[in-house]
Amino acid sequence: MSQFDLTDDQRAIQEAARRFTAEAITPHAARWDAQHHYPKDVVQSAAALGFGAIYVSEAGGGIGLGRLEAALIMEAMAHGCPSTSAFISIHNMAAWMIDCFGSDAVKARYLPGLVSMDSIASYCLTEPGSGSDAAALKTRAVRDGDDYVVTGSKAFISGGGVNDLYVTMVRTGGDGPKGISCLVIEKDMPGVSFGAPERKLGWRSQPTAQVNFDGVRVPAANLVGAEGQGFAIAMAGLDGGRLNIGACSLGGAQRALDEAIAYTRQRQQFGRAIADFQATQFRLADMATDLAAARALLYQAAAKVTDGAADKTMFAAMAKRFATDAGMAIVDKGLQMFGGYGYLQDFPMEKLFRDLRVHQILEGTNEIMRVITARELLRFCN
């Protein structure tokens, strides 16, 4: 990327994602939402373009792209369906964690299926009693010979009950972040069970459920990284996950802006198109400006995460907070311009509104993003 533009390769990646979205996602997204249908075949078909392992290394079988390229892909797919794009993002985060921190044996066992998306992975950090206070998690893994015995529950897990692998943060030591480790747990291991699918406001094209572990014996070889490294691994994954969820908000916001422009050009009131009214034009201008600002910050943060910059975590948090807040506000403005029609399921605005709302909560709430930003600011100022 040059200072203010995409490279030719990045534009080609963006265009490939846009074509895939236009053909495989956009025409079906409303039906998936209405029927609460998980389009596993479409999700898996993304792997043919490398979208199951976007920033998994080439040595690991992935396409080895940077976080900006990943953001471009997520943004493009979210233009068609933020829920489906976010689901693919979570799989990519889990696959990257295994590729980056897993042993050769763990990578050999799991990466081929993850890259092809014959196996799909979930990320398991949040628990019923520990959300923003993630380091307080209680799921316990006790070493017993060549296994860990895992007991506990994880909450709000995308893909819970349908995905094949669960990259899970567990407590192997004492209280606090240094007592947390990371294990790959398979769906069919005895003692793994799932709660009922959650009934959600949005994100209805992907299943979400509680994941329960009742004395699950997990081979010690499934440890990702070293004992006590799990929280650091989880946070490293979230730097990229926050970029991706911000990018999904950009894609949804761009869709809302596109729809609002098209609608206001054809909608007639008081004898003229409502796009001719200055009030409408001001609102469209604000939407476009806010979207451009959010996109610029998110792309900058993506470049910093790829480069391993010292302030990458701060910028990832700032970009996630700003892009998801801006995305929600842009969709809200767009829905308002549709009037009563914006509230109907016959039009895409209400689905965008429902889908983007959760982006301000997951991958760390936007309140926690402010905490991270302030903490990093104060650290760098010392």
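What counts, and where the lines are drawn
- Residues numbered from 1 in each chain as written.
- Predicted model: local features only at pLDDT ≥ 70, side-chain atom pairs only at ≥ 80, totals over all residues.
- Heavy atoms only, no water.
- Helix = DSSP H or I, 4+ residues; strand = E, 2+ residues; numbered from the N terminus.
- Rg over C-alpha atoms; globule rule 2.2 N^0.38 Å.
- Buried < 20%, exposed > 50% of the residue type's maximum accessible area, 1.4 Å probe, protein only.
- Contact = heavy atoms within 4.5 Å.
- Areas by Shrake-Rupley, 256 points an atom, 1.4 Å probe, with all protein chains shown as cover.
- Lys, Arg positive; Asp, Glu negative; His and termini not counted.
- Charge placed at Lys NZ, Arg CZ, Asp CG, Glu CD.
- Phe/Tyr/Trp six-rings, centres within 6.5 Å; stacked < 30°, edge-to-face > 60°.
- Disulfide = S-S within 2.5 Å.
- Pairing = 2+ DSSP bridges.
- Axes fitted to C-alpha atoms, helices over the stretch in contact; angles between N-to-C directions.
- Parallel < 35°, antiparallel > 145°, perpendicular 65-115°, else oblique.
- Nonpolar A, V, L, I, M, F, W, Y, C, P; charged D, E, K, R; others polar.

Draft legend 1. Fine view of the overall build of the chain. Broken down by element type, the chain carries 11 helices and 10 strands. Against the 2.2 N^0.38 benchmark of 21 Å for 382 residues, the chain shows a C-alpha radius of gyration of 21 Å, consistent with a compact globule. Viewed in the frame of its principal axes, the chain has a C-alpha envelope of about 80 × 50 × 40 Å. Evaluated residue by residue, the chain yields a buried proportion of 54% over its 382 residues. The contacts of the chain with a sequence gap of at least 6 include a subset with a gap of at least 24, amounting to 73%. As presented, the chain carries roughly 16100 Å² of accessible surface, and 53% of it is formed by carbon and sulfur atoms. Distance from the positive charge centre (37 side chains) to the negative charge centre (41 side chains) of the chain: 4 Å.

Draft legend 2. Structural context of the packing of aromatic side chains. One pass over the full model with this rule turns up 9 aromatic pairs. On the numbers, 5.6 Å between centres and 45° between planes, the contact of Y166 with F194 is tilted. On the criterion of sequence distance, the pair formed by Y166 in strand β4 (residues 165–171) and F194 in strand β6 (residues 192–194) is long-range, its members being 28 residues apart. Relative accessible area serves as the criterion here: at 26%, F194 is assigned to the partly exposed category. Ring centres of Y263 and F347 lie 6.4 Å apart, and the angle between their planes is 80°; this geometry places the pair in the edge-to-face category. Of this pair, Y263 sits in helix α7 (residues 230–266) while F347 sits in the loop between α9 (312–337) and α10 (349–357), and the two are 84 residues apart along the sequence. Its relative accessible area of 26% is what places F347 among the partly exposed residues.

Draft legend 3. Layout of unusual backbone geometry. Its identity as a non-glycine residue notwithstanding, F270 has a phi of 55°, on the positive side. Structurally, the position occupied by F270 is in the loop between β9 (268–269) and β10 (272–273). Residue classification places F270 among the exposed positions, given a relative accessible area of 79%. Of note, E363 is a non-glycine position whose phi angle comes to about 55°, a positive value. For E363, the position within the fold is in the loop between α10 and α11 (366–381). For E363, a relative accessible area of 13% translates into the label buried.

Draft legend 4. Expanded view of the state of the cysteines. Using the criterion set out here, one finds 0 disulfides in the structure. For C182, which is in no disulfide, the shortest distance to another cysteine sulfur is to C124 and amounts to 9.5 Å. Taking the relative accessible area as the measure of exposure, C182 reaches 0% and is therefore buried. Residue C248 stays outside any disulfide, its sulfur separated by 9.4 Å from that of C81, the closest cysteine.

Draft legend 5. Broad picture of the pairing of strand β2 (residues 140–144). Where β2 lies against strand β3 (residues 147–158), 5 bridges are found, and the strand directions are antiparallel. The residue of β3 that forms the bridge with D144 is D147. Counting the residues in the hairpin turn of β2 and β3 gives 2 residues, including G145, whose phi is positive at 65°.

Draft legend 6. Just the environment of V149, in detail. In this structure, V149 sits in strand β3. Residues V149 and S103, 46 residues apart in the sequence, show an inter-C-alpha distance of 20 Å. Ignoring anything within four residues of it in the chain, the contact list for V149 reads R140, A141, V142, D144, G215, V216 and R217.

Draft legend 7. Expanded view of the packing of helix α4 (residues 67–80) against helix α5 (residues 82–101). At their nearest, the axes of α4 and α5 sit 7 Å apart, and the two run at 155° to each other. As the angle between them shows, α4 and α5 are arranged roughly antiparallel. Here α4 contributes R67, M74, M77, A78 and G80 to the contact with α5, which in turn contributes P82, S85, I88, S89, N92 and W96. When its residues are assigned to classes, the contact of α4 with α5 shows 6 nonpolar, 4 polar and 1 charged.

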